[in-house]
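Here are the chains, one letter per residue:
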Amino acid sequence: MEIGRKVKIDFSKIKTLDDFYTELSGLFGFPDFFGRNINALIDCFFSLRYPQDEMTKIHVAASEYLLMELHHFSLASEEIKETLIFTIENVSLKCKEKGQEPSIVLLLR
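Thoughts on helix 1 (residues 17-28)
When the terminal C-alpha atoms of helix 1 are compared, their 16 Å separation across 12 residues agrees well with the 16 Å that a helix rising 1.5 Å per residue should span. Residues of helix 1 that are buried: Leu17, Phe20, Tyr21, Leu24, Ser25 and Phe28. Looking down the long axis of helix 1, one finds its buried residues gathered within 125 degrees of arc, a one-sided arrangement. Where the residues of helix 1 are buried, they touch strand 1 (2-10), helix 2 (38-46), strand 2 (64-71) and helix 3 (78-97). Gly29 lies just past helix 1 and shows a positive phi near 70 degrees.

Listed below in structure tokens is the structure:
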């Protein structure tokens, strides 16, 4: 497995869950109908390897992963932290069910 894409997220500018969804939607190019909830976030992130789903503008191959660099993550609210961790866990579980390695790796900076 190798890094296919890298995305940096600065949590010093993200104060609310709504800010968090707005930031991710802008970075990843989620569709206009993005539901701004945890289930929609899981669906969008799981589609990183499936460009035909048109859920993100960022994609990685089956042999790659997205490196998500989290800057100032300790400043995020517990709600935001829990949302992100729960989302990544569930995306990784869905990848495992498909016989794939995780599509997202987190790096705390």
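Additional details are given in the paragraphs that follow.
Let's talk about unusual backbone geometry
Where the residue is not glycine, phi is negative for most of them; where a peptide bond is considered, it is trans in most cases. In the Ramachandran plot, Glu54 falls in the positive-phi region, its phi being about 55 degrees despite a non-glycine side chain. You can see Glu54 is positioned in the loop between helix 2 and strand 2. We classify Glu54 as exposed; its relative accessible area is 63%.

Rules of the game
Residues numbered from 1 in each chain as written. Predicted model: local features only at pLDDT ≥ 70, side-chain atom pairs only at ≥ 80, totals over all residues. Heavy atoms only, no water. Helix = DSSP H or I, 4+ residues; strand = E, 2+ residues; numbered from the N terminus. Expected span 1.5 Å × (residues − 1). Buried < 20%, exposed > 50% of the residue type's maximum accessible area, 1.4 Å probe, protein only. Arc of directions from axis to C-beta. Contact = heavy atoms within 4.5 Å.

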